[in-house]
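Chain residues, written in single-letter form:
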Amino acid sequence: MNTVIKDREAAVAQVQGLIRDIPDFPKPGIIFKDITPLLGDAEGFHLAVDLLADSIEGPTPEYIVGTESRGFIFGAALAYKLGAGFIPVRKPGKLPSEVHACEYQLEYGTDALEVHRDALHQGARTLIVDDLLATGGTARATGDLLRRLGAEMLGYSFVIELTFLAAREHMTDAPVHSLVQY
């Protein structure tokens, strides 16, 4: 969307080169994908946001919906670039007004997300943005919240996707896009 990326493959490789692996974090056996080098590199961060914008097909979103907390970083920057509003989806107890809440399953237990009840108008065109697609639970719960508000889901957009977890297979309600796959 209004961005000129001459060599998409090279741009994605540059973004990927700024994501580092942290072994055994937060627990043994996990390889954490750390985006802080990407965020700290002005050119790389700008490029990641441009790539996210360029990946949007179809209508332009009216709202970018970012999930707590790293989704706020990429989502707010993308909303600014697109001239869209930004809607935060937060963990319980963080939003000051009336909320819709959605519980979802984790590998060991449950978690919940909330959005303000008046965050969106009926039929609002929305795009969910986050840094990482792993199991898809957070993204699907966010989609459920948006549907409760009557929003139109244009899709999901991620910087990183862990393809071996196959979350995309369970996210059939809207298109899924990711910049970097592992």
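Up top you'll find the structure we're talking about.
Residues numbered from 1 in each chain as written. Predicted model: local features only at pLDDT ≥ 70, side-chain atom pairs only at ≥ 80, totals over all residues. Heavy atoms only, no water.

Participant: Any chance you could explain helix H5 (residues 137–148) here in plain terms?
Facilitator: The terminal C-alpha atoms of H5 lie 17 Å apart, and with 12 residues this matches the ideal 16 Å at 1.5 Å per residue to within 8%. If you check which residues of H5 are buried, you get Gly137, Ala139, Ala141, Thr142, Gly143, Leu145 and Leu146. Those residues of H5 that are buried lie in contact with strand E3 (63–67), strand E4 (85–89), strand E5 (99–106), strand E6 (109–116), strand E7 (125–133) and strand E8 (152–161). Among the residues trailing H5, glycine 150 stands out with phi positive, at a value near 85°. (Helix = DSSP H or I, 4+ residues; strand = E, 2+ residues; numbered from the N terminus. Expected span 1.5 Å × (residues − 1). Buried < 20%, exposed > 50% of the residue type's maximum accessible area, 1.4 Å probe, protein only. Contact = heavy atoms within 4.5 Å.)

Participant: Honestly, the sheet that holds E7 in this entry has me stumped. Any pointers?
Facilitator: Consider a sheet: its strands pair through backbone hydrogen bonds, and that pairing is either parallel or antiparallel. In spatial order, the strands read E4-E3-E7-E8-E9; together these five strands make up an open sheet with parallel pairing. Whereas interior strands pair on both sides, the edge strands pair on one side only; in this sheet they are E4 and strand E9 (176–181). Each strand of the sheet is rotated relative to its neighbour by a mean of 20°, with strand direction disregarded. Of the strand pairs in this sheet, E3 and E7 are connected by four bridges, and their pairing is parallel. In the strand pairing of E7, isoleucine 64 is matched with leucine 127. Along the sheet, helix H4 (residues 70–82) contacts E3, E4, E7 and E8; its crossing angle with E7, the most-contacted strand, is approximately 140°. (Pairing = 2+ DSSP bridges. Axes fitted to C-alpha atoms, helices over the stretch in contact; angles between N-to-C directions.)

Participant: What should I look at first to understand the pattern of salt bridges in this one?
Facilitator: Oppositely charged side chains can pair when the atoms bearing their charge come close. For the coordinates displayed, the defined rule picks out 10 salt bridges. For the salt bridge of arginine 20 with aspartate 34, the shortest nitrogen-to-oxygen distance reads 2.6 Å. Within this pair, whereas arginine 20 is found in strand E1 (residues 20–23), its partner aspartate 34 is found in strand E2 (residues 31–34), the two being separated by 14 residues in sequence. The class of aspartate 34 is buried, set by a relative accessible area of 9%. A salt bridge links aspartate 21 to lysine 33, with the nearest nitrogen and oxygen atoms 2.6 Å apart. Taken as a pair, aspartate 21 in strand E1 and lysine 33 in strand E2 lie far apart in primary sequence, 12 residues in all. Among the charged side chains, a salt-bridge network with shared partners connects Asp144, Arg147 and Asp173. (Salt bridge = Lys/Arg side-chain N within 4 Å of Asp/Glu carboxyl O.)

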